[in-house]
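Tertiary structure, described
So the chains spell out like this:
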Amino acid sequence: MTAVAPTHSFTRTHRAPVHRIGATVRIHVANPWTTLISPWLILLVVFGLNFAIWHLVLMAAGDRGVEADAFHYNGGVSWIVFYMVVVAVQAMNQTFSFVVGLGATRRDYFVGTSALFAGLALMYGIGVSVLAGVERATSGWGVNGWFFAPGPFATMPLWEVAVTYTLVLLFMFFVGSGVAAVFVRWGATGILTFFASVAVLLLATLWAITQADAWASVGHFFTARSPLELALLSLPLSLVGGLVGYGLMRRATPKG
Amino acid sequence: MTAVIEVAGLTRHYGKVHAVEDVTFEVEENTICGLLGRNGAGKTTLMRLLTGQAFASAGQIRVFGESPVENALVLSRTCFIRETQVYPDSFRGKHALRAAERLFPNWDADYAAQLATEFNLPLDRRIKKMSRGQRSAVGAIIGLAARAELTFFDEPYAGLDAVARELFYSHLLEDYSKHPRTIVLSTHLIDEAAKLLEHVIVIDGGRVIINDNSDALRGTAVTLVGAKSAVDTFAVGREVLGTDVLGGISSVTVAGLSPADKAAAAAAGLEVAPVSLQQLIVSRTRGTVQPQEALS
Amino acid sequence: MDEGRPIFVQIAEQLESQIIDGSMPPESQVPSINELAAFHRINPATALKGVNMLVEAGILYKRRGIGMFVAEGARERLIAARRDAFSDQYVRPLVAHANAIGITPTQLAAMIRKEAGS
């Protein structure tokens with residue numbers, strides 16, 4: 001194999017590289033449905049359903065009324081949290097081949113997409129905490145129903161609610177993008193292998209915990225910490241997820 | 001002349017499949033270069049390697065003097081439009097053009113709009129719902145309006161009818177004349193594009209088998225038609241590219257005839273018929289099995 | 001555009017014919033490279049080759065920044081060159097074809113005179 005010596009140098013000085021980071025962000029939101037609109041819609045629909053159910057229960061209870069904390073524990077808001085994984089997977093899947101195919105570097109795409117995820121996590125985190133504020137101001141939407149800041153969240157200051165949600169959403173985004181990166185790199189076979197491995201790991205972990213009779217400690221680990229502390233623990237995991245995703249992306253070939 | 005693309009010993013294996021094998025060539029600045037060959041010969045893989053989108057197994061690539069892999073400096077001056085361009089599901093035609101505007105520093109929005117009108121492209125329609133021809137038109141428009149210094153077109157006209165293809169060629173030529181840049185065009189519709197190509201590289205089975213100026217290439221072969229014995233005598237010791245026999249008449253395509261040889265053939269009563277670029281390339285590439293174009 | 005000869009040669013020949021028939025008189029401007037390329041739908045480099053061939057032969061000359069022009073005496077030079085080639089290009093095949101079907105040179109000459117006279 002002969003080495004190629006450049007026949008002349010193309011001067012760098014007058015050519016600044018064009019970084020397609022901003023372009024990546026704008027392409028993600030070019031059609032805002034997936035990233036900006038549908039999560040809100042989902043949230044509203046789930047909330048609306050819960051709201052309707054509360055009223056139905058109250059109607060059914062009639063004069064007997066319900067317990068004070070009947071509507072305090074509500075997992076409905078977790079819909080939007082887990083939906084972020086879907087958003088992340090869709091966003092990356094749709095745009096990776098398009099953006100890198102038209103000549104952006106994978107690094108620029110990754111930075112732009114991460115910036116998007118961080119921005120979305122912040123937006124939804126703040127948005128949910130604002131709604132939680134309204135919830136508190138209306139004493140649980142007039143029916144003592146706690147949807148946006150239920151259970152342990154009910155007593156947290158709103159800024160803490162915002163930060164906790166933001167961190168958790170960020171975690172979901174990077175989990176989603178990690179999964180998408182596996183798909184972009186190895187395709188459908190990769191995804192199957194990945195989920196099979198996760199299932200095996202999960203089972204192994206569950207078995208190990210059961211063997212060590214450690215369920216109590218595991219439970220204690222989670223209940224002893226506030227939601228904020230747990231959310232903060234997810235931050236390094238988000239970082240790792242992001243880096244792994246980037247590492248996978250660096251060797252991925254755009255489809256088409 | 002400066003070389004915009006320099007490739008040496010480039011190889012890409014997918015397991016046992018040798019998609020690109022020991023390829024060495026240069027593409028000169030501001031020329032229209034044809035990358036020709038059969039389906040599965042390695043043209044698309046080669047272009048992916050040149051744009052840093054696929055990774056070489058061995059060999060060297062220099063685009064604008066540097067390796068193109070993850071190189072924003074090089075890639076921002078490049079545009080690669082492929083046969084099956086991928087777009088986000090939710091994108092309409094106008095979204096694709098707007099995205100291109102943000103990705104290419106030399107983008108000409110007015111030119112893009114003009115092209116969209118001329119190609120009858122419904123910009124408000126979802127790309128998923130467009131016909132094959134309309135989809136190709138989106139890619140062709142992006143490739144033209146991006147005015148990238150190095151533009152790759154990989155069979156950009158799937159589904160484009162003859163009228164649309166003519167439109168594409170004339171715009172390509174016109175814009176290339178007004179804004180000189182390097183264009184690499186891969187196609188299997190060789191005769192249509194032949195007059196546009198200044199240089200021709202033919203890939204067969206992952207290897208480069210022809211790398212020549214197109215004018216020089218034209219006329220390197222002729223077809224001699226006449227009585228079998230006369231034709232056979234003339235073909236002795238020459239490179240024969242193809243033979244057809246019907247009764248006592250033989251038609252033999254022969255390479256490497258000088259003008260004097262051609263005159264002698266005519267004087268011997270043989271018909272000396274020209275061979276088009278497409279016929280020449282077909283005769284040199286028929287009969288070989290192409291490696292599968294594996295998309296990793 | 002025929003396939004047998006290089007395109008740039010055909011471009012040059014077309015320009016030569018226009019010079020010979022008078023539609024491009026001396027000192028007139030020849031279409032630009034881009035115009036020629038667009039008209040014939042060919043690569044500008046090919047058009048340039050054809051034009052350069054004529055520049056080298058002294059048929060055209062370049063005025064920097066303006067374009068290509070027909071040289072003085074170009075028509076005469078072209079006609080002389082074509083006359084020299086006439087015998088090889090037209091007469092030899094004519095004689096060969098005539099011979100193949102038994103027409104004698106005398107008969108051929110008579111046919112030519114008749115054709116020219118009408």
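Residues numbered from 1 in each chain as written. Chains lettered and ligands numbered in written order. Predicted model: local features only at pLDDT ≥ 70, side-chain atom pairs only at ≥ 80, totals over all residues.

Our next topic: the overall build of chain A. When helices and strands are counted, chain A shows eight helices and zero strands. Starting at the N terminus, the α and β elements of chain A follow one another as α-α-α-α-α-α-α-α. The C-alpha extent of chain A, read off along each of the three principal axes, is 90 × 45 × 30 Å. Sorting the 256 residues of chain A into buried and exposed places 36% on the buried side. The long-range fraction of contacts in chain A, counting pairs at least 24 apart against all pairs at least 6 apart in sequence, stands at 84%. (Helix = DSSP H or I, 4+ residues; strand = E, 2+ residues; numbered from the N terminus. Buried ≥ 20, exposed ≤ 12 C-beta atoms within 10 Å, placed from the backbone. Contact = placed C-beta atoms within 7 Å.)

So, about the overall build of chain B. When helices and strands are tallied, chain B shows 11 helices and 13 strands. Projected onto the principal axes, the alpha-carbon positions of chain B cover approximately 65 × 40 × 35 Å. Within chain B, the fraction of its 296 residues that count as buried is 47%. If you take every contact in chain B between residues at least 6 apart in sequence, the share linking residues at least 24 apart comes to 70%.

As a further point, take the domain arrangement of chain B. Assigned domains of chain B: these are domain 1 (3–213) and domain 2 (220–274). A C-alpha centroid distance of 38 Å is found between domain 1 of chain B and domain 2 of chain B. (Domains from an automatic or database assignment.)

All names here are of chain B. What the three strands build is an open sheet, ordered β2-β1-β4; its pairing is antiparallel. At either margin of the open sheet sits one strand with a lone partner, and together these are β2 (17–28) and β4 (58–63). When the angles between neighbouring strand axes are averaged without regard to direction, this sheet yields 15°. With respect to the sheet, helix α1 (residues 43–50) is in contact with β1 (3–14), β2 and β4, its orientation differing from that of β2 by roughly 60°. (Pairing = 2+ DSSP bridges. Axes fitted to C-alpha atoms, helices over the stretch in contact; angles between N-to-C directions.)

For the rest of this paragraph, the subject is the sheet that holds strand β13 (residues 271–274) of chain B. Residue and element names in this part refer to chain B. The strand order across the open sheet formed by four strands is β11-β12-β10-β13, and the pairing between neighbours is antiparallel. Across the chains shown, the open sheet's two edge strands, defined by having one partner strand only, are β11 (239–246) and β13. Between one strand and the next, the sheet's axes are offset by a mean angle of 20°, whatever the strand orientation. Two elements, strand β10 (residues 221–227) and β13, share four bridges in a ladder whose sense is antiparallel. Residue pairing for β13: Val222 is matched across the bridge by Pro274. Lying over the sheet, helix α9 (residues 228–235) contacts β10, β11 and β12 (249–255), oriented at roughly 145° with respect to β10.

The subject of this paragraph is the packing of helix α4 (residues 109–118) of chain B against helix α5 (residues 132–145) of chain B. All names here are of chain B. Contact pair α4 / α5: the axes reach a minimum separation of 9 Å and the direction vectors enclose 150°. The angle between the axes of α4 and α5 places the two elements in the roughly antiparallel class. When the axes of α4 and α5 are compared, the crossing they make is right-handed. Contacts between α4 and α5 involve Tyr111, Ala112, Leu115 and Ala116 from the first element and Ile141, Leu144 and Ala145 from the second. (Parallel < 35°, antiparallel > 145°, perpendicular 65-115°, else oblique. Left-handed = near helix turned anticlockwise from the far one by under 90°.)

This part is about the environment of Val236 of chain B. All names here are of chain B. Counting through the fold element by element, Val236 comes out in the loop between α9 and β11. For Val236, a count of 7 C-beta atoms within 10 Å corresponds to the exposed category. Spatially, the C-alpha atoms of Val236 and Ala140 are 47 Å apart, while their sequence positions differ by 96 residues.

Caution applies to low-pLDDT parts of the model: their predicted coordinates are not meant to be read in detail. All names here are of chain A. Of all residues in chain A, 94% have pLDDT values of 70 or greater, and the mean over the chain is 84. Mean pLDDT across the elements of chain A bottoms out in helix α5 (residues 140–144) (81) and peaks in helix α4 (residues 106–137) (90). Low pLDDT, under 50, characterises residues 1–13; the stretch is placed with 22 contacts to residues that sit more than four places away or in other chains. (pLDDT = per-residue confidence, 0-100.)

With that settled, consider the interface of chain C and chain B. The figure often quoted for interface size is the accessible area lost as the parts come together. The interface is formed by 17 residues belonging to chain C together with 17 residues belonging to chain B. When contributions to the side of chain C that touches chain B are tallied by element, the ones reaching two or more residues are α1 (7–20), α2 (33–40) and α3 (44–56) of chain C. With four residues, α3 of chain C is the largest single contributor of residues to the side of chain C that touches chain B. A breakdown of the residues in the side of chain C that touches chain B according to their chemical character gives eight nonpolar, four polar and five charged. (Nonpolar A, V, L, I, M, F, W, Y, C, P; charged D, E, K, R; others polar.)

The subject of this paragraph is helix α2 (residues 33–61) of chain A. Residues and elements named next belong to chain A. For α2, built from 29 residues, the straight-helix expectation of 42 Å at 1.5 Å per residue is met to within 8% by its first-to-last C-alpha distance of 40 Å. Of all the residues in α2, the buried ones are Thr35, Pro39, Leu43, Phe47 and Trp54. Immediately downstream of α2, the backbone of Gly62 shows phi near 60°, a positive value. (Expected span 1.5 Å × (residues − 1).)

Opposite the 41 residues of chain B that make contact, chain A presents 40 residues. Of all the elements in the fold, those that place two or more residues in the side of chain B that touches chain A are β1, β4, α2 (72–75), β5 (78–81) and α3 (93–103) of chain B. Residues of the side of chain B that touches chain A, tallied by class, amount to 19 nonpolar, 14 polar and eight charged.

Further remarks concern the nonpolar core. Counting residues in each nonpolar core, the largest one holds 165 residues, and the members touching the most others are Ala88, Leu169 and Phe173 of chain A together with Ala100, Ile141, Ile142 and Leu224 of chain B. Here this core gets 19 residues from one element, more than from any other, and that element is helix α6 (residues 158–211) of chain A. (Core = buried A, V, L, I, M, F, W, Y, C linked by C-beta atoms within 7 Å.)

All names here are of chain C. Within the secondary structure, Leu48 is located in helix α3. Given 18 C-beta atoms within 10 Å, Leu48 falls into the partly exposed group. With 56 residues separating them along the chain, Leu48 and Thr104 place their C-alpha atoms 46 Å apart.

Bringing the environment of Arg63 of chain C into the picture now. Along the polypeptide, Arg63 of chain C turns up in strand β1 (residues 60–63). Taking the C-alpha atoms as reference, Arg63 of chain C lies 9.8 Å from Gln29 of chain C; in sequence the two are 34 residues apart.

Now for the pairing of β10 of chain B. Residue and element names in this part refer to chain B. Counting buried positions over the seven residues of β10 gives five, a clear majority of the element. Where β10 and β12 come together, seven bridges link them in antiparallel fashion. Counted as the bridge partner of Thr223 is Thr253 from β12.

With that settled, consider the confidence of the model for chain B. Taken residue by residue, chain B gives an average pLDDT of 90. The fraction at 70 or more is 97%. If you check the scores for this complex, the pTM reads 0.85 and the ipTM reads 0.88.

In this structure, Phe64 of chain B takes a positive phi of about 50° despite not being glycine. The residue Phe64 of chain B is located in the loop between β4 and α2 in this model. The exposure class assigned to Phe64 of chain B is buried, which follows from the 25 C-beta atoms found within 10 Å. Of note in the backbone geometry, Glu27 of chain C takes a positive phi value of approximately 70° without being a glycine. By the secondary structure assignment, Glu27 of chain C is in the loop between α1 and α2.

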